[in-house]
Amino acid sequence: MNKSQEILAVESESLPSSSRIKYFDMVIDHGKGALLYDVDGREYIDFLASASSANTGHCHPKVVAAIQKQATQLIHYTPAYYANPVNSSLLTRLAALAPGDFPKKVAVGISGSDANDAMIKFSRGYTGRSYIICFTGAYHGSTYGSITLSNVSLNMSRKIGPLLPNVVKMPFPDSHKMLPNESQEDFVARMWQAFMEPFETWLPVEEVAGVIIEGIQGDGGIIACPKAYMEKLYAFTRTHGIVFAVDEINQGFGRSGKMWAIDHFDIAPDLMSIGKSVASGMPFSALIGRTEIMESLDAPAHVFTTAGNPVCAAAAHATLDVIEEEKLVERSERLGKIAARFFERMQKTYDFVGDVRMYGLDGGIDIVSADKTPDVAATTKIIAELFKLGVIMISLRGNILRFQPPLVITDEQLNTGLSKVEQAFEAYQNNEITLPKDHQKIGW
Ligand SMILES: Cc1ncc(COP(=O)(O)O)c(C=O)c1O
């Protein structure tokens, strides 16, 4: 047993199985930029960035310094009662960063999940209506509200119902659902027809409060919504007085080669939820939205004792400084092109590499069998081999490689990581990969 395994053995006595998605026996000791080091001294290139919450990399010196400085001044006093300057100035900064030339206010929280709960609350509060529309393949979080909006794993609804009432799940226009030889236009028309069906049969449109969508679905497989569909959806919400909300928790802060995923669509949402990378992984989230919507509820409808924590807010200020100073959005776009070229080459070389979707340093790479259907077993082997080679990568939907390195990854680290991906693909092709005994199944 190595040190990681020893720690995990002890931890397993106290850790419930609902709290860890199974991958490999690794306990992280420290991180630096795009590199991670486990307690046994092994080094890894991180192609997961703590589930896209470390866009500025691990322990960025500016973020560390901001945290240290603030911790000596005030660790916390709840903004539910009294303001602190770091959080107050952050609200102004976040409001200015969100798309849309209209007045905005910002409600802070601790996790992406609570920001999406806020989206439900404020949409209902503002419109006086109850239905919320979300999409298949979406992951919006793990609290009761946001888990109700999520549609990626049966384990997120199994045994815990009833979930929130009046949440309607529409089919996401996922490119995997395109029919053979179907044009993009026909696909969008077909998906839009499916969207409209409930309104003709059982769902009164005047009772719909809000729609929440990820411009690019993250956990759903890194899949962008077709632009024409998004435009139809947005227009539909304008016609019917419905709040249009986007979830930027996974895709925001430069991940997709633009500051926000919704920037790919030139739409300014009424509400936008953020989290994860906003404070480089420190617990901080927010719902940013039109003032009139954000003023529709009264205290204490949305307060959390530890939200707006000054140490987290200081980390967020430093994170935003780093994103600006190091031009991480542009970096994501530039390095994303290198990665896209690499994976497209892999697609030409290996039959098991299916569709490749890359938006900035944000990729979903399908692993498929000879008949082009999802190949979960192959994906598992490739990810296991990558782990052996010192690259952290996970899967989405069982057969999609999730590529989301920190945006600060150096060109050299990126190229080294990608060459290890090629090595793993080659090993799989040559049938050289055997799985560790207790890792026949990974992911959710
Ligand atoms: C798109 C999206 N929304 C919301 C969440 C939930 O965020 P958190 O885990 O911080 O509650 C996630 C987390 O993976 C996410 O990817």
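Within every chain, residues take consecutive numbers counted from 1 along the sequence as written. This being a predicted model, a pLDDT of at least 70 is required before a residue's local features are given, and a value of 80 or more before pairs of side-chain atoms are given or counted; all residues contribute to the totals for chains, interfaces and linings. Hydrogens and water are ignored here; the side-chain numbers use all heavy atoms of the structure.

The protein has the name Aspartate aminotransferase family protein in an unreviewed UniProt entry, where Lactococcus hircilactis is given as its organism. Recorded in UniProt under Cofactor (unreviewed entry), the annotation for the protein is "pyridoxal 5'-phosphate". UniProt positions are given in the numbering used here, feature names are shortened, and annotations may be inferred rather than shown by experiment. Reading the Sequence similarities (unreviewed entry) entry of the UniProt record for the protein gives the comment "Belongs to the class-III pyridoxal-phosphate-dependent aminotransferase family."

## With respect to the packing of aromatic side chains
Aromatic rings from Phe, Tyr and Trp, taking only the six-membered ring of Trp, are treated as a pair when their centres fall within 6.5 Å; an angle between ring planes under 30 degrees marks them as stacked, one over 60 as edge-to-face, and anything in between as tilted. Tallied over the entire structure, the rule returns 24 aromatic pairs. Centre to centre, the rings of Y77 and Y82 are 6.2 Å apart; their planes meet at 55°, and the pair counts as tilted. Residue burial is assigned from relative accessible area. The probe radius is 1.4 Å, only protein chains are included, and a residue is buried under 20% of its type maximum, exposed over 50%, and partly exposed in between. Taking relative accessible area as the criterion, Y77 reaches 46% and is therefore assigned partly exposed. Members of the aromatic cluster, connected to one another through ring pairs, are F135, F172, W192, F195, F199, Y229 and F236. Charge-over-ring placement is defined geometrically: NZ (Lys) or CZ (Arg) within 6 Å of the ring centre, and within 35 degrees of the ring normal. In this structure, R42 packs its charged tip against the face of F387, placed 5.8 Å from the ring centre.

## Side note on the site of the ligand
One heavy atom within 4 Å of a molecule or strand is enough for the residue carrying it to be called near that molecule or strand. Around the ligand sit 13 residues, and of these G112, S113, Y139, D247 and K276 come closest. Within the contact set of the ligand, a nitrogen atom lies 2.6 Å away from a side-chain nitrogen or oxygen of D247. Only the protein chains shown count as covering a residue, and every accessible area follows the Shrake-Rupley method with a 1.4 Å probe. Out of a free accessible area of 390 Å², the ligand has 83% covered by protein chains. What counts as a helix is a DSSP run of H or I of at least four residues, what counts as a strand is a run of E of at least two, and both are numbered from the N terminus. In terms of residue count, the dominant contributor to the shell around the ligand is helix α5 (residues 112–127) (3 residues). Any pair of N or O atoms that falls within 3.5 Å is considered a polar contact. Within protein, one atom must be able to donate a hydrogen and the other to accept it, and sequence-neighbouring residues count only if both atoms are side-chain atoms.

## As for the packing of helix α11 (residues 328–349) against helix α13 (residues 411–429)
For helices, the fitted axis covers only the stretch in contact; all axes are lines through C-alpha atoms, and the angles between them, taken along N-to-C directions, range from 0 to 180 degrees. Direction vectors running N to C along α11 and α13 enclose 20°, while the axes themselves pass 11 Å from each other. Relative to α13, the element α11 lies roughly parallel. The handedness of the crossing between α11 and α13 is right-handed. Between α11, through R331, R334, L335, I338, A339, F342, F343, R345 and M346, and α13, the contact on the second element is made entirely by D411, L414, N415, L418, V421, E422 and F425. For classification, angles of less than 35 degrees are called roughly parallel, those exceeding 145 degrees roughly antiparallel, those between 65 and 115 degrees roughly perpendicular, and all remaining angles oblique. By convention the crossing between two helices is left-handed if the near helix lies anticlockwise of the far one by an angle smaller than a right angle, and right-handed if it lies clockwise. In this analysis, two residues are considered to be in contact whenever any of their non-hydrogen atoms come within 4.5 Å of each other.

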